Amino acid sequence: MQNQTLWLKSPSAIFTGNQLNADNGVVIHGDKIVELVPSGMTPRTVIDSYVDCSNKVIIPGLINTHHHFYQTLTRAVPGALNKPLFPWLQYLYQIWKNLDEDMIYTATQLAGLELMLSGATCIADHHYVFPKGLEQAIDIQVEAIKSLGCRATLTRGSMSLGKSAGGLPPDSVIQHEDVILQDCQRLISKYHDSSPEAFIQIALAPCSPFSVSTSLMKDTAQLAEINNVLLHTHLAETEDENNFCLRQYDMRPLDYLEHCNWLSDKTWLAHGIHFNQDEIRRLGEAKVGIAHCPSSNMLLASGICPTVELEIAGCNVGLAVDGSASNDCSNMIQEVRQSMLQQRLRYGAEVITAERVLGYATSGSAKVLHRPSLGQFAVGKQADLAVFSLDELRFSGVGSPLDGLITSGAYQVEKLMVAGQWLIENSAHNSLLCDQLMAKHQKLAKQIQNSGLV
């Protein structure tokens with residue numbers, strides 16, 4: 001379709017991610033959007049073909065800003081159920097230390113496909129577990145992402161502070177700091193594409209303040225600045241983390257972040273729940289990005305992200321499903337609904353609308369990941385989009401198709417396009433066989449879960 005001009009015409013609703021009018025669809029040529037068609041109008045561009053989008057909703061491709069793909073192998077593990085974050089982590093580390101190459105490839109494929117089927121065209125992962133034999137984990141993930149065809153920001157995570165040194169993870173999954181930094185540079189040099197249309201980008205992501213040393217935090221920030229790549233970590237997810245930082249460093253997590261030279265617009269943080277008003281102001285002034293993870297935060301009873309205050313302060317807020325072991329689901333369009341429901345408890349129905357939370361998942365996430373060509377429909381932007389059919393029982397009777405997409409609980413795309421190419425049609429990936437992938441993944445999940453019992 002690269003040399004064809006395609007009109008996606010007459011949708012029941014379209015969300016542009018901005019205030020532009022595209023009520024009668026969008027026109028695509030090659031990998032870009034070339035025209036927005038207002039209500040009652042037809043394209044000025046010469047059209048080669050069209051897709052009738054009657055009774056369908058079109059939105060920009062959703063962008064997931066935080067995940068741990070490997071955790072799809074450990075969903076709803078009995079020993080980790082009904083626990084808060086720290087005990088949950090301590091139990092699961094005994095399983096995750098047994099990850100191998102086949103597991104990371106298959107888990108990346110499965111998590112990516114699950115995200116794509118729920119409307120995601122760009123996905124971010126935070127991989128930080130590197131047991132012996134899995135030193136090439138990010139390389140393996142790159143190959144798995146290529147088999148999916150979507151875009152990804154893959155972060156080279158790290159842990160250097162094991163249990164023997166006062167950290168949470170077992171010593172078997174941590175690495176020496178010089179090894180970590182050398183591999184970070186290798187991966188940036190080999191895979192990072194800084195262009196606006198990039199498919200693969202690399203960011204650097206020490207796991208958390210309680211699993212790496214201060215020197216690694218500082219050295220990682222310096223390396224990221226030299227290479228002009230983004231920084232990512234977990235921060236202010238729980239009160240336990242605040243207490244840990246006070247005990248360990250005699251400062252709160254955000255003060256510690258600033259101490260490590262991380263407080264900048266090149267940083268995005270997962271969760272961002274337990275900030276006080278002064279910290280929110282400082283985050284906004286620095287233009288730090290926030291990956292809002294509502295399902296995970298509810299499942300682990302961590303708290304509610306102050307999204308509106310963070311936005312008002314100047315932060316970019318994006319949406320994320322978080323790891324599948326703390327969510328048990330990697331469905332982006334469902335996460336939009338979760339965000340709306342959770343955030344209304346804090347701010348009310350008039351403030352938290354379907355459009356606002358869709359904005360978190362599209363243009364907001366694009367800003368968090370510094371992806372200016374993604375997340376909205378405008379001339380010259382990348383043709384990344386999701387098409388949802390309203391031909392389901394759950395949508396029968398909706399008066400506002402766009403609001404109904406969220407409130408009635410859309411679950412799966414009918415079509416998904418990345419860079420002008422249909423990757424999913426009729427709710428199926430055009431090259432990956434879902435049943436075969438699930439069978440392999442199930443086998444590996446049983447294998448690693450049983451390994452934790454030994």
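Each value, and the rule that gives it
Residues numbered from 1 in each chain as written. Predicted model: local features only at pLDDT ≥ 70, side-chain atom pairs only at ≥ 80, totals over all residues. Heavy atoms only, no water. Core = buried A, V, L, I, M, F, W, Y, C linked by side-chain atoms within 4.5 Å. Buried < 20%, exposed > 50% of the residue type's maximum accessible area, 1.4 Å probe, protein only. Helix = DSSP H or I, 4+ residues; strand = E, 2+ residues; numbered from the N terminus. Contact = heavy atoms within 4.5 Å. Pairing = 2+ DSSP bridges. Salt bridge = Lys/Arg side-chain N within 4 Å of Asp/Glu carboxyl O. Phe/Tyr/Trp six-rings, centres within 6.5 Å; stacked < 30°, edge-to-face > 60°. Lys NZ or Arg CZ within 6 Å of the ring centre and 35° of its normal.

Novice: Could you give an account of the nonpolar core, naming the residues involved and the relevant values?
Specialist: Formed by 122 residues in total, the largest nonpolar core has its most connected members in Ile59, Trp88, Trp96, Ile145, Ile333, Leu358 and Leu405. If you tally residues by element for this core, the top one is helix H2 (residues 101-117), at nine residues. Non-local contacts of Ile145, meaning those with residues more than four positions away in its chain, are made with Phe69, Thr108, Ile123, Cys150, Ala152, Leu154 and Ile200.

Novice: Explain the sheet that holds strand E15 (residues 385-389) to me, using residue names and the numbers behind them.
Specialist: Pairing is mixed across the open sheet formed by six strands, whose spatial order is E2-E6-E15-E16-E17-E18. The sheet is open, and its two edges are formed by strand E2 (13-14) and strand E18 (428-429), each paired on a single side. Note that strand E16 (residues 415-418) and strand E17 (residues 421-425) share four bridges and pair antiparallel. Looking at the pairing, Leu416 lines up with Ile424 of E17.

Novice: Which residues make up the pattern of salt bridges, and what values do they have?
Specialist: When their charged atoms lie close together, side chains carrying opposite charge are able to pair. On inspection of all chains with the given rule, the structure shows 20 salt bridges. For Glu114, the salt bridge identified is with Arg75, shortest N-O distance 3.0 Å. Here Arg75 lies in the loop between strand E7 (62-64) and helix H1 (85-96) and Glu114 lies in helix H2, a separation of 39 residues in the sequence. Residue classification places Arg75 among the partly exposed residues on the basis of a relative accessible area of 22%. With a shortest N-O distance of 2.5 Å, Arg281 and Asp278 are connected by a salt bridge. Of this pair, Arg281 and Asp278 both sit in helix H8 (residues 277-286), three residues apart, which is roughly one turn of that helix. Among the charged side chains, a salt-bridge network with shared partners connects Asp255, Glu258, Asp278, Arg281, Arg282 and Glu285.

Novice: A description of the packing of aromatic side chains should follow, citing residues and the corresponding values.
Specialist: The geometry of an aromatic ring pair is captured by the separation of the ring centres together with the interplanar angle, meaning the angle of the planes. Counted according to the given criterion, the structure contains six aromatic pairs. When the ring of Tyr70 is compared with that of Trp96, the centres are 5.1 Å apart and the planes differ by 90°; the resulting orientation is edge-to-face. In this pair, Tyr70 sits in the loop between E7 and H1 while Trp96 sits in helix H1, placing the two residues 26 residues apart along the sequence. Residues Tyr70 and Trp96 agree in their burial class; the two are buried. A centroid spacing of 6.4 Å and a plane angle of 75° characterise the contact between Phe244 and Tyr249, whose relative ring orientation is edge-to-face. In terms of burial, Phe244 and Tyr249 fall into one category: buried. Sitting above the plane of the Tyr91 ring, Lys83 keeps its charged end 6.0 Å from the centroid. One residue, Arg151, lies across the ring of Phe199, its end atom 4.6 Å from the ring centre.

Nothing here speaks to function; it is geometry throughout.
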